[in-house]
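An overview of the molecular structure
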Amino acid sequence: MMKRIICFITMFILVSSAAAMSISGLEHEIQFDDDSSQIGREEIRSLVDWKIKSVEMGGIDYVVFLYKDNQYRIDSNLVEKRREAIVSLMNTLGVKITKVVIVDQQSKRRELGLSKKQTNAASIIFQPPCTESHDCGPQPIRGPKQSELNK
């Protein structure tokens, strides 16, 4: 009985860590200053680091989420400028944005309780290819191909 419990705990830990590795890093947040569409240097550095990791994970579909909230003076014009800044930067980094979603926080603020800082943020999320094949678990280590061994 004790061996079963230990085996179960071991398997749970292995599966949990594999799931955490495959899910972590799929999202990156860009924080904008109030009334600004400029992406700061630290934000750019952080985005470049994240982009490198996302490419290593095989990122394919990149989606941007932006917030619009007239009460916080984040109107359609500011949101569009922020969208252009993000898409332009990502294009410069060699990443094509697949979709941009603008969330109108005016109606959702009460239920979500987002602060102005949270509303001033944009999120970029990518989908790794394993989500399409439904195979994001640990992969076996493969040795060299036979043709490589014959060289």
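Scroll up a little and you will see the structure.
Residues numbered from 1 in each chain as written. Predicted model: local features only at pLDDT ≥ 70, side-chain atom pairs only at ≥ 80, totals over all residues. Heavy atoms only, no water.

Remarks on the environment of Phe32
The line we're drawing: Only DSSP runs of H or I reaching four residues or more are called helices, and only runs of E reaching two or more are called strands; each is numbered from the N terminus. Only protein chains enter the accessibility calculation, which uses a 1.4 Å probe; a residue is then buried when its area is under 20% of its type maximum, exposed when over 50%, and partly exposed in between. By definition, residues are in contact when any of their heavy atoms lie within 4.5 Å.
Note that Phe32 resides in the loop between β1 (27-31) and α2 (41-56). The exposure class of Phe32 is buried, given its relative accessible area of 3%. Separated by 86 residues in sequence, Phe32 and Gln118 place their C-alpha atoms 9.6 Å apart. Apart from the residues lying within four places of it in its own chain, the contact partners of Phe32 are Ser37, Gln38, Ile39, Arg82, Ile86, Asn120 and Ala122.

Some details on the packing of aromatic side chains
Cut-off, in case you're wondering: Aromatic pairing here means that ring centres of Phe, Tyr or Trp (its six-membered ring) are within 6.5 Å. Orientation follows from the plane angle: under 30 degrees is stacked, over 60 is edge-to-face, and everything else is tilted.
If you walk through the whole model with that rule in mind, you get 3 aromatic pairs. Aromatic pair Trp50 and Tyr62: ring centres 6.1 Å apart, planes at 90°, arrangement edge-to-face. Pair noted here: Trp50 is in helix α2 and Tyr62 is in strand β2 (residues 61-68), with a separation of 12 residues, a long-range link. Take Trp50: its relative accessible area is 7%, and that puts it in the buried class. Given the relative accessible area of 3%, Tyr62 is considered buried. Where Trp50 meets Phe126, the ring centres are 5.8 Å apart and the plane angle is 65°; that geometry is what we call edge-to-face. Of this pair, Trp50 sits in helix α2 while Phe126 sits in strand β4 (residues 121-127), and the two are 76 residues apart along the sequence. Assigned by exposure class, Trp50 and Phe126 land together as buried. Through successive ring pairs, a cluster of aromatic residues spans Trp50, Tyr62 and Phe126.

Details of the sheet that holds strand β3 (residues 97-104)
Keep this limit in mind: For two strands to be treated as a pair, DSSP must find no fewer than two bridges joining them. Convention adopted: a line fitted to C-alpha atoms gives each axis, helices being fitted over their contacting stretch, and angles between N-to-C directions are expressed from 0 to 180 degrees.
Spatially, the 4 strands line up as an open sheet ordered β1-β4-β2-β3, and their pairing is mixed. Strands at the two margins of the open sheet, each flanked by one partner only, are β1 and β3. Ignoring which end each strand starts from, the neighbouring axes of this sheet average 20° apart. With 5 bridges connecting them, β2 and β4 associate as antiparallel partners.

So, the pattern of salt bridges
Where charged atoms from two side chains of opposite charge approach closely, those side chains can pair. Selection rule: Every case where a carboxyl oxygen of Asp or Glu lies within 4 Å of a side-chain nitrogen of Lys or Arg is listed as a salt bridge.
Inspection of every chain in the model, using the stated rule, returns 3 salt bridges. With a shortest N-O distance of 2.4 Å, Arg45 and Glu42 are connected by a salt bridge. With Arg45 and Glu42 both in helix α2 and 3 residues apart, the pair spans about one turn of that helix. Looking at Glu42, the relative accessible area reads 56%, which means it is exposed. Between Glu80 and Arg83 there is a salt bridge, with the nearest N and O atoms lying 2.7 Å from each other. On the criterion of helical spacing, the pair formed by Glu80 and Arg83 is a turn pair, its members being 3 residues apart in helix α3 (residues 76-92). Under the relative-accessibility criterion, Glu80 is labelled partly exposed at 29%. You can call Arg83 partly exposed: its relative accessible area is 24%.

Things to note about α2
This is how it is decided: To estimate the expected span of a helix, subtract one from its residue number and multiply by 1.5 Å. Read the arc as the range of directions from the helix axis to the C-beta atoms.
Helix length check: α2, at 16 residues, gives a terminal C-alpha distance of 23 Å against a target of 22 Å (1.5 Å per residue), a fit within 8%. Among all positions of α2, only Leu47, Trp50, Lys51 and Ser54 are buried. Across the axial projection of α2, the buried residues extend over an arc of 110°, all falling on one side. α2 presents Arg41, Glu42, Lys53 and Glu56 as exposed residues on the side facing more than 90 degrees away from its buried surface. In this structure, the buried residues of α2 make contact with β1, β2, α3 and β4.

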